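Now for the letters of each chain:
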Amino acid sequence: MRDELKDGSSLSSASCLAVSRVALLCCLMLACVPEGFAGAEPGGGAASLARVATAKGKSPSRAAARLSPQRRRVAQSKKPARKPDVIFVPTPTETVEEMLRLAALKEGDVLYDLGSGDGRIPITAAERHAGVRAVGIEIDPELIKVAEEGARRAGVSDRVRFRQEDLFRADFREATVVTLYLSDRLNVLLRPKLLRELRPGTRIISHDFRMGVWKPEQTVRVPWKSLYRTVYVWTVPKGRRIGR
Ligand SMILES: C[S@@+](CC[C@H](N)C(=O)[O-])C[C@H]1O[C@@H](n2cnc3c(N)ncnc32)[C@H](O)[C@@H]1O
């Protein structure tokens, strides 16, 4: 009943049997785990597939190629990379108009709306200003669809693009105008990226929220119902250092 081990310890046959059963069970369980399961996480999709593949030292495309077509579609579906930092609340039309007036758009300008919602700011910018391109960065894929449909109906799809991305990771260096309707906290978190990546002279227009210690050069109140909305304007300074 007892087998002597090399180091002098012993293991009963019953224990050996139990150990091999557990090992067999583990192998069976691993074999049953669905392909791609390791990539499942809230908002997983292509990004998590890439992370899993990279963690295993394989290229994401090779990992995707091994998935069945159906699982590949699920893995690559555009789910939000993560929960939005703020919910969608649209900027009222008059405030959109005022933000665009303050942006002083001219031919060749490229407007980026960071957190573009239903796309009203980029769409209106392209509708009103020939020669202007506009890009909306939005994390929610459903809102991207709404915005794309809006651009199509407005006949500006050739000059407006919507990208499903996290605004904190997005490349918006080509912008000459940036519009925001986020929150005081998000604006402050975003400020270093804006100052680092935008070219000096780029105008930043924010609906209702400030930029912490970076003082706006213009503050405009827009009547709204019996209240008002506030629009703030900054220009990225040469040297990218903010005056306080
Ligand atoms: C208050 S709404 C503003 C919508 C639009 N800019 C407007 O003024 O009508 C903010 C938008 O930001 C989006 N959002 C929140 N966090 C985000 C993130 N990290 N990256 C991209 N979009 C985000 C939300 O889904 C929402 O549509």
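Throughout this description, residue numbers start from 1 for each chain and increase along the sequence as written. Local features in this predicted model are restricted to residues whose pLDDT is 70 or higher, and side-chain atom pairs enter the listing and the counts only when it is 80 or higher, whereas totals over whole chains, interfaces and linings include all residues.

### Regarding the environment of Arg229
Comment: elements are numbered from the N terminus, with helices defined as DSSP H or I runs of at least four residues and strands as E runs of at least two. On the secondary structure map, Arg229 appears in strand S9 (residues 227–235). Buried residues are those with 20 or more other C-beta atoms within 10 Å of their own C-beta, exposed residues have 12 or fewer, and partly exposed residues lie in between; C-beta atoms are placed from the backbone. Taking the number of C-beta atoms within 10 Å as the measure of exposure, Arg229 has 19 and is therefore partly exposed. Separated by 137 residues in sequence, Arg229 and Pro92 place their C-alpha atoms 8.9 Å apart. Contacts are defined on C-beta atoms placed from the backbone: any two residues whose C-beta positions lie within 7 Å are in contact. In contact with Arg229, other than residues within four places in its own chain, are Pro92, Thr95, His207, Asp208, Val222 and Trp224.

### Comments concerning the environment of Glu149
Following the sequence through the fold, Glu149 ends up in helix H7 (residues 141–154). For the pair Glu149 and Gly119, spaced 30 residues apart in the sequence, the C-alpha separation amounts to 9.4 Å.

### Focus on H7
The span one expects for a helix is its residue count, reduced by one, times 1.5 Å. Over its 14 residues, H7 extends 20 Å from the first C-alpha to the last, a length consistent with the 20 Å expected when each residue adds 1.5 Å. Structurally, H7 contributes buried residues whose contacts are with helix H6 (120–128), strand S4 (133–138) and strand S5 (160–164). Looking one or two residues beyond H7, the residue adopting positive phi is Gly155, at roughly 75 degrees.

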